Amino acid sequence: MTLLGNIIWFIFGGFIEAVLWVFFGIIWSITIIGIPVGKQCFKMAKMQIAPFGKEVVEKKRSSLGMIANIIWIIFFGWELALVNLISALIFAVTIIGIPFAKQSLKLAYLSLMPFGKDIVKSEKR
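Note that the coordinates shown come from a computational prediction; the quantities given were computed from them, not determined experimentally.

K.L.:
How should I be thinking about the overall build of the protein chain in this particular structure?
P.N.:
Within the protein chain one finds four helices and two strands. The order of α-helices and β-strands along the protein chain, N terminus first, is α-α-β-α-α-β. On C-alpha atoms alone, the protein chain measures out to a radius of gyration of 15 Å, which is about the 14 Å that the 2.2 N^0.38 rule sets for 125 residues. Counting every position in the protein chain, which comprises 125 residues, the buried fraction comes to 35%.

Written out as C-alpha cells, the structure is:
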C-alpha cells in the first residue's frame, strides 16, 4: 500500500514539488550562510518524493536549532505550512483522499519547523 500511495503521490505533484525543493536547495547552498537552509530544502525534497512509509522524528534539541526555526517560521515556514494545511483540507473532502491528507499534514509539520527534525522509515506494523 505504501508503494501505491507513493506512486500516486509522485505522479500527481510530488515530483514537481521535489524538483522545486532541490532547485531552491541548490540556490541556497551557493552561499555559505545559506547552506543550513539548503539542507532543509533537500530534506523537504526527500519527503516530497515519497512521503508514505516515512516519519518525521525530533532529534536532539539545541538553542541554535530553535533560533533557526524561528527565523525559518518568519520567512518561509508559515507559508509552507499553510499551503500544506490547505491541501490537506482539500484531500480530506473525499474518503479516498484521507491518506493523502495525512501526508500533507506530515509535510506541514516538517515545513513549519524543519530544524532539529529527521526523516526515518516507518516501522511496519
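Having seen the model, we can carry on.
K.L.:
Explain the UniProt feature "transmembrane region" (unreviewed entry) in the protein chain to me, please; I cannot follow it from the model alone.
P.N.:
UniProt marks residues 6-37 and 70-101 with the feature "transmembrane region" (unreviewed entry), using the numbering shown here. With 84% helix and 0% strand, the stretch residues 6-37 has end C-alpha atoms that lie 26 Å from each other.

K.L.:
Before we go on, may I ask you to explain the packing of aromatic side chains in this structure?
P.N.:
Given two aromatic rings, one states the distance between the centres and the angle between the planes to describe the pair. Tallied over the full model, the rule gives eight aromatic pairs. Between F52 and F100, the ring centres sit 5.4 Å apart and the planes meet at 80°, which makes this aromatic pair edge-to-face. With F52 in the loop between α2 (35-49) and β1 (54-58) and F100 in helix α4 (residues 98-112), this residue pair connects regions lying 48 residues apart in the sequence. You can call F100 buried: its relative accessible area is 12%. Each ring, one from F91 and one from F100, has its centre 5.8 Å from the other, and the planes form 40°; the classification is tilted. Exposure remark for F91: the relative accessible area of 30% places this residue in the partly exposed category. Site record: aromatic cluster; members linked through ring pairs are W9, F52, F91 and F100.

K.L.:
I keep staring at the pattern of salt bridges and nothing clicks. Help me out?
P.N.:
Close approach of charged atoms lets side chains of opposite charge pair. Inspection of every chain in the model, using the stated rule, returns one salt bridge. For E58, the salt bridge is made with K117, and the minimal N-O distance between the two is 3.8 Å. Remark: K117 occurs in strand β2 (residues 117-121) and E58 occurs in strand β1; sequence separation between them is 59 residues. For K117, a relative accessible area of 2% gives the class buried.

Definitions and cut-offs
- Residues numbered from 1 in each chain as written.
- Predicted model: local features only at pLDDT ≥ 70, side-chain atom pairs only at ≥ 80, totals over all residues.
- Heavy atoms only, no water.
- Helix = DSSP H or I, 4+ residues; strand = E, 2+ residues; numbered from the N terminus.
- Rg over C-alpha atoms; globule rule 2.2 N^0.38 Å.
- Buried < 20%, exposed > 50% of the residue type's maximum accessible area, 1.4 Å probe, protein only.
- UniProt positions renumbered as here; feature names shortened; annotations may be inferred.
- Phe/Tyr/Trp six-rings, centres within 6.5 Å; stacked < 30°, edge-to-face > 60°.
- Salt bridge = Lys/Arg side-chain N within 4 Å of Asp/Glu carboxyl O.

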